[in-house]
Structures are given as structure tokens and as C-alpha cells.
Amino acid sequence: LDGGVDIKHPAFKGHKITYRSFYLKGQAIGAIGHGTAVANVMTGNKKWGGLLPSADLFAANVFHLRTKGRHKGKARASAKSILLALNWISKQKVDVINISIGGSYNSLIAHAIEQASKRGIILIASAGNSGPFTKKKSFPAAYDQAIAIAATNQFGNTAKFSSAGNYVEFAAPGVKIWTAVPGGGKAMSGTSFSAPIISSYVALASKQHGLKDLKSVRRFLLTRTKHGEKSAWNKYNGWGIVQTKPAC
């Protein structure tokens, strides 16, 4: 669940992507760069990488362009679009939903997230890019039924932009991640790119280890941090950086 995806990009050639947009009537689609980049972190042909090259991807665009006010021309995701997208993806019998977007609390979206979780879908979300001193929570990452992922740099330290808070659970690389963008490739940074790394790992683990619910996934990820179940939690990278194995 993200922005638009350039499904004609060479990264996705010969690959199965089911794509739908949920911007509303009379609106124009928002930019497709971010959604394309996040999608390619998770999947794509072998030439372009993608952690799970043989996985099927259901991609939902929830962004449209603003037509009025001082933010005219900038992309925005409406609550209605997010609700429609969550409902559609939930019906596709997916194991994991990656959500690399953030905003304020919304009771309707909170309910939709809860319902998706009750169906056994694991929701992974980016923790946000407001830095370590922010007091603002980023939703949907901060909903109880979502697993919030912070970003680390190439030295294993929390990225300077990564949001901190009591909702952060785990961390993964999120600085200078090479991925596809319309017209080519680019190194991208943000918790938007650490979240799909964990989403890919969880999707694989769900198949290999039979993980069925949020509790089992959280426990699984905890045992894959550097210090395992002896990890100490902190508000910057949660229980720590998830240590993925070569199978992913």
C-alpha cells in the first residue's frame, strides 16, 4: 500500500504484479517514484534485484495530486483511498501488507488495520522520518496491530532521520538502498525502504516457519535481532536490527 507503481519498468518485466489505484473520481494520480522504489525492494526480476523475485505482488496506489491551496500539485493520500486499498488487498489472501506511508491517527483506518490483522494478515509499516527528537507518532506504524520499522545506516547505527518513539519495534537498513525508479535506478533513503526489507523477510518466514499471527511474527523477529531475546528495547531501533539470513 503506497504510491503508484511503474509496472512497465524493466525491473518488473516477466513478473506478476496486480496493480490498482484508489484515488477518487476527478483526481489525478500522484507521483509513481516512491511506490515503484518500494515495490522493487520487495520483488522484481533477478537483474534488478528484489528480495523475493518469485513473489506475487499486489500494489495499491492511494495518492492523488492536490488541486487547491498552498499544497496544490503535491501528492496526498486520503483516508477513503487508504480504506478502499486496505479492503482490496485484504481480500487478495496476502500474507503481509507493507505500508511505507505515514500520517496522523484516524479511527476508521485504525479499525481497518485491526480487521486486517484479525484475518491473519501481518502489517509492516515504516516508523517515519521525523528524526530522533520527534514527539509525533507516525500512523499506521503506531497502531498496535502494525509492526513499526526504523532505519539504520551502513554502519549499523540508527539513521539520523528515523523517527523515535514507544511504538518502534525493530530496525533494518534504510540508507542508500539501490532500487528502481521511473526511468532507471536510484539510491533511496528512509524508513520507507527499511519496512519492505522486513516485509519480505516476514513473507518468506511465514512460508518457511508457518507463522500465523502477529504474536508469532513478533517473537520470530525478536529472536533474529543481534542479541536475540536478550535484546534491550529502546525508542530508536526497538528491539534491534533484524539479522536476515542468505535465504532472503
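Shown above is the structure to which this text applies.
These lines cover the structure that appears in this document, whether it is placed above or below. (Residues numbered from 1 in each chain as written. Predicted model: local features only at pLDDT ≥ 70, side-chain atom pairs only at ≥ 80, totals over all residues. Heavy atoms only, no water.)

Observations concerning the nonpolar core
In globular proteins that are soluble, nonpolar side chains generally tend to be buried together.
Move 1: Within the largest apolar cluster, 39 residues are counted, with the highest numbers of intra-cluster contacts made by Ile122, Ile124, Ile147, Ile149, Ile198, Val202 and Leu221.
Move 2: Residue assignment for this core shows that the elements contributing at least two residues are helix H1 (33-42), strand E2 (57-61), strand E6 (122-126), strand E7 (146-152), strand E8 (168-173), strand E9 (177-181), helix H4 (191-209) and helix H5 (214-222).
Move 3: Per-element accounting of this core gives the leading share, nine residues, to H4.
Move 4: In this structure Val202 touches Val96, Ile122, Ile124, Val217 and Leu221, once residues within four positions along its chain are discounted. (Core = buried A, V, L, I, M, F, W, Y, C linked by side-chain atoms within 4.5 Å. Buried < 20%, exposed > 50% of the residue type's maximum accessible area, 1.4 Å probe, protein only. Helix = DSSP H or I, 4+ residues; strand = E, 2+ residues; numbered from the N terminus. Contact = heavy atoms within 4.5 Å.)

Here we look at the packing of aromatic side chains
Move 1: Taken as a whole, this structure holds six aromatic pairs when the rule is applied.
Move 2: Between the aromatic rings of Phe22 and Trp88, the centroid separation amounts to 5.8 Å while the plane-to-plane angle is 50°, which identifies the pairing as tilted. In this pair, Phe22 is assigned in the loop between strand E1 (17-21) and H1 and Trp88 in helix H2 (residues 79-90), connecting sequence segments 66 residues apart.
Move 3: For Phe22, a relative accessible area of 8% corresponds to the buried category.
Move 4: The class of Trp88 is buried, set by a relative accessible area of 9%. (Phe/Tyr/Trp six-rings, centres within 6.5 Å; stacked < 30°, edge-to-face > 60°.)

Some details on the pairing of E8
Move 1: In terms of burial, E8 is largely enclosed, as five of its six residues are buried.
Move 2: Examined bridge by bridge, E7 and E8 share five bridges and lie parallel to one another. Residue pairing in the sheet places Ile149 in a bridge with Phe170 of E8. (Pairing = 2+ DSSP bridges.)

Thoughts on the pattern of salt bridges
Move 1: In the structure shown here, the tally under the stated rule is three salt bridges.
Move 2: Across the pair Glu114 and Lys118 runs a salt bridge whose closest N-O atoms are separated by 3.6 Å. Taken together, the residues Glu114 and Lys118, both in helix H3 (residues 107-118) and four residues apart, mark about one turn of the helix.
Move 3: Taking the relative accessible area as the measure of exposure, Lys118 reaches 59% and is therefore exposed.
Move 4: When the shortest N-O distance is used, the salt bridge between Arg218 and Glu169 registers 2.8 Å. Here Arg218 is found in helix H5, whereas its partner Glu169 is found in strand E8, with 49 residues between them in sequence.
Move 5: We classify Arg218 as partly exposed; its relative accessible area is 24%.
Move 6: A residue is classified by how much of its surface remains accessible, and Glu169, at 12% relative accessible area, is buried. (Salt bridge = Lys/Arg side-chain N within 4 Å of Asp/Glu carboxyl O.)

Some words on the environment of Lys91
Move 1: Counting through the fold element by element, Lys91 comes out in the loop between H2 and strand E5 (96-99).
Move 2: Separated by 136 residues in the primary sequence, Lys91 and His227 place their C-alpha atoms 37 Å from one another.

A few points about the side chain of His9
Move 1: Among the secondary structure elements, His9 is positioned in the segment before E1.
Move 2: In this structure, His9 is in contact with Trp48, Ala180, Val181, Pro182, Gly183 and Gly184, ignoring residues within four places of it in sequence.

Section: unusual backbone geometry
Move 1: The residue after Phe139, namely Pro140, is reached through a cis peptide bond having omega 15°.
Move 2: Tracing the sequence through the fold places Pro140 in the loop between E6 and E7.
Move 3: Positive phi outside glycine occurs at Lys93, with the angle close to 60°.
Move 4: Note that Lys93 resides in the loop between H2 and E5.

Details of the pairing of E6
Where a strand is regular, its side chains alternate between the two sheet faces.
Move 1: Most of E6 is tucked away: five of the five residues are buried.
Move 2: Side-chain alternation along E6 places Ile122, Ile124 and Ser126 on one buried face and Leu123 and Ala125 on a second face that is also buried.
Move 3: Sheet analysis places E5 next to E6, joined by four bridges and oriented parallel. In the strand pairing of E6, Val96 is matched with Ile122.

Thoughts on the sheet that holds E7
Move 1: The strand order across the open sheet formed by four strands is E5-E6-E7-E8, and the pairing between neighbours is parallel. The outermost strands of the open sheet, each flanked by one partner alone, are E5 and E8. Adjacent strand axes in the sheet meet at a mean angle of 30° when their direction is disregarded.
Move 2: Sheet contacts for H4: E5, E6, E7 and E8; angle to E6, the most-contacted strand, approximately 160°. (Axes fitted to C-alpha atoms, helices over the stretch in contact; angles between N-to-C directions.)

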